[in-house]
Protein chains: 2
Amino acid sequence: MSYSIDLSKRLEESGIIENSKISIEKDGMTYVGTIMPHPNLSAPDVIILKVANGYNIGIRVDQDSKIKIIDKPITTNQKIEAKIKENKNLPTLVLVSTGGTIASYVDYRTGAVHPTLSASDMINSVPEINKIANVRARVLFSVLSENMNISHWQEIAKAVAEEINNGADGIIVSHGTDTMGYTAAALSFMLGNVPKPVVLVGSQRSSDRPSSDAPANLIACAQFCVKSGKSGVYVVMHDTLSDDSFAVHIGSRVRKMHTSRRDAFKSINIEPAANIDKYGNITFNMDLPLISESRAIARTGMEMSTVLLQYYPGMNPYVFRDVFMKSKGIVIAGSGLGHVSDTMAPLVGEAIKNGAIVIMTSQCINGQTNMNVYNTGRDLASAGIVSVFDILPETAYVKLSWVLANYSKDEVIEIMKTPLCREFSNRRVF
Amino acid sequence: MSYSIDLSKRLEESGIIENSKISIEKDGMTYVGTIMPHPNLSAPDVIILKVANGYNIGIRVDQDSKIKIIDKPITTNQKIEAKIKENKNLPTLVLVSTGGTIASYVDYRTGAVHPTLSASDMINSVPEINKIANVRARVLFSVLSENMNISHWQEIAKAVAEEINNGADGIIVSHGTDTMGYTAAALSFMLGNVPKPVVLVGSQRSSDRPSSDAPANLIACAQFCVKSGKSGVYVVMHDTLSDDSFAVHIGSRVRKMHTSRRDAFKSINIEPAANIDKYGNITFNMDLPLISESRAIARTGMEMSTVLLQYYPGMNPYVFRDVFMKSKGIVIAGSGLGHVSDTMAPLVGEAIKNGAIVIMTSQCINGQTNMNVYNTGRDLASAGIVSVFDILPETAYVKLSWVLANYSKDEVIEIMKTPLCREFSNRRVF
């Protein structure tokens, strides 16, 4: 915390730590609430209190203000390891915890979301899950999903393969929602024909809020892992705003399409693989690979210089020259069916001559690219840009990074055009 | 065309030009069809024929092949200026033609879409429009929308203002669909409180196809211009897949959300301003500014170094250093509520210190940014990144380019936070 020296001392002397319940008397008013972490941008003499209505207020304290402790903090982030007796008749799932809102314990409106709830806490907060499976917790790391990077994807893939090869019947990966779609795509390619279900799950409301979607999402995940009999990488999240319907998304086809709604995750250019109701009944919308007893293999190589760029009118080849020349792989979210302007096209051509692989996708998100429709598209295609149907720009970026690191240069375009984990529909719709 | 010298000569001698109906006899087969423009990437001895089923075939001709002309081309792109008698009782609309599929005359599947249908042809192809208004045509230019750049936006804005000040009661701007959303946003800012309706329209199927959406879209535009009594910049396109429902989108809030569907254009984070049925009845979903007799003013200055970037995990500050240092304005489509990773944050901070204005939007497209929720967001905010509610990343890019050129440095952030043409909802929803 970054309080003033004086205020820090007063808090310490009163035994007040983060999350203590305190009262502050000032100018004849008494404020009661939970003391929140002190944000860096707050003044050093301001205490942030979470008050009864759930909102936070900032109170500037001075020498005359009286600060008293009412209660020690409720230690929701204490490591009480799950003491559930193992039920030999139930399958075993491993919950790999990586951080994010689903693993946080403070009201997200307060500006103080901390990714510190442990995986066991998550399990303990949803006791129903123990009737579905024996769930073991493994805390891999604790990062907000905007800070997830390629090395995190690699660690998760390795941990998932390890747990499967150690006997897990399914893996739940708890993850922040911001970049969960990217991670799901990465695991889809890295884990290939994974023999068990690997389900990513997040929440849009933190776990200590009554409106949290975390428990319902976790239970739906466990149901899918145990009952579906299917393998592969999926994302399970709310399908609607209520707690009674969940979508199982193909890991390479899912995108966060809303900043805050519970049903923010959508399958793009494909139906969800399955839907789950509140009783755990699964309706499949397509054939999915069956579980098997083969070993899981994680191929985690990634080319780190790959870039994802959205084309826009006015995009300046002078400004982007360096990006195009430094990157071995370039994914463009072009306009419409897959275009860039005639002012950008020469730079793209130059990058290709320089050895880069350039993949064209569409910023429309929905629908598929087709570079044979307009002459500009044909010119780009003849310059060597490759388009692959209805793949998401984000998935194309992840796949290209992975393919560049795992295949020889000659094979890259062929592999990009081959669907590996349902990442595109291999047909023209017009 | 880029045929071989020999083949060019043979075609010329037979009086065959682009779009002639011809027959080719080769190896005992006779092919009949319309000769298409010769794409640059085709071999010099290959003729592309559009055959009866609508598809194109390439035929390699040699000395023994017989090529005969059957019919001269149907000259749909001839400049037959509209000879409609002016009806003094009807208002006057000006159709400003800029190119795109709506102004093209060849089946788009052939790879030979040419933006050459004139504005008068467009009017003549929809005779019903003359019962709604006296429509004058003005061909501004003829470019596919992926080649539209900032100078085109400036030309369109000037032409629109000029026509309004010369007495037009409304302006229809025909435009390719790829970047129509960007142009609509640009005109919204450049034309400010424009006193008449300015409606952009495109088509997803070219005008010579029976399934074209061009005539219905044009009529809906004219209806809105004449009947609504409202001013402002809008986009009118199909609301559904059938020809009986049209949406009127706020120019700064519309995005092409599908590569090919007729109802590809969607209002984001807001309802369409109005809907129009096939009889021209308008249902308004919100209050819109009324038409007036003031003069139209086009403020067309634009800062050309502005960039639009999507954040993604693995985004490499080393690769993007040059982009951040060369740009006076940077719009980031961040993850979730408006985030970038802790690895990218220092580069953003450096760009701000270097004098750049950085605006945070969300790649979720739907929903609004809120940088006060997570600590990472607070850190970015305290570094000087500004977020503005639920603005589209593309609109933020256009607005920032415009604001940087039309206001002093001190005013830029304040103007970015002020809604000028309904480009964002000025309220927190949570």
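Residues numbered from 1 in each chain as written. Chains lettered and ligands numbered in written order. Predicted model: local features only at pLDDT ≥ 70, side-chain atom pairs only at ≥ 80, totals over all residues. Heavy atoms only, no water.

K.L.:
Would you mind showing me how to read the overall build of chain A here?
P.N.:
Assigned secondary structure in chain A consists of eleven helices and 19 strands. When the 430 residues of chain A are sorted by exposure, 60% land in the buried category. A fraction of 68% describes how many contacts in chain A between residues 6 or more apart in sequence connect residues 24 or more apart. Counting only carbon and sulfur atoms, one obtains 50% of the accessible surface of chain A, whose full area is about 16,500 Å². (Helix = DSSP H or I, 4+ residues; strand = E, 2+ residues; numbered from the N terminus. Buried < 20%, exposed > 50% of the residue type's maximum accessible area, 1.4 Å probe, protein only. Contact = heavy atoms within 4.5 Å. Areas by Shrake-Rupley, 256 points an atom, 1.4 Å probe, with all protein chains shown as cover.)

K.L.:
Help me out: how do you make sense of the sheet that holds strand β10 (residues 232-238) of chain B in this one?
P.N.:
All names here are of chain B. The strand order across the open sheet formed by eight strands is β7-β6-β8-β9-β10-β11-β14-β15, and the pairing between neighbours is mixed. At either end of the open sheet lies a strand with only one pairing partner, and these are β7 (134-139) and β15 (282-284). Across this sheet, the average inter-strand angle for adjacent strands is 25°, counted without regard to direction. For β10 and strand β11 (residues 245-250), the ladder comprises five bridges, and the chain directions are antiparallel. When the sheet's bridge partners are listed, valine 236 is paired in β11 with valine 248. The strands that helix α5 (residues 180-191) touches are β9 (197-201) and β10; relative to β10, the one it contacts most, it runs at about 160°. Here helix α6 (residues 214-227) sits on the sheet and contacts β6 (92-97), β8 (170-174), β9, β10, β11, β14 (274-277) and β15; the angle it forms with β9, its principal contact strand, is near 170°. (Pairing = 2+ DSSP bridges. Axes fitted to C-alpha atoms, helices over the stretch in contact; angles between N-to-C directions.)

K.L.:
Please clarify how the layout of surface pockets should be interpreted in this entry.
P.N.:
Empty space left among the atoms is revealed by rolling a probe the size of a water molecule over them. Residues and elements named next belong to chain A. Of the voids in this model, the largest pocket is the one considered here, and its volume is about 490 Å³. Contributing to the lining of the largest pocket are 25 residues, with Ser188, Gly192, Asn193, Leu420 and Cys421 lying nearest its centre. Counting only elements with at least two residues in the lining of the largest pocket, the list comes to α5 (180-191) and β10 (232-238). A per-element tally of the lining of the largest pocket places α5 first, with four residues. Split into classes, the residues belonging to the lining of the largest pocket amount to 15 nonpolar, seven polar and three charged. (1 Å grid on protein atoms, 1.4 Å probe; cavity = no way out; pocket = protein on both sides within 12 Å on 5 of 7 lines; lining within 4 Å. Points joined across faces, edges and corners; volume = space filled by probe spheres on them. Nonpolar A, V, L, I, M, F, W, Y, C, P; charged D, E, K, R; others polar.)

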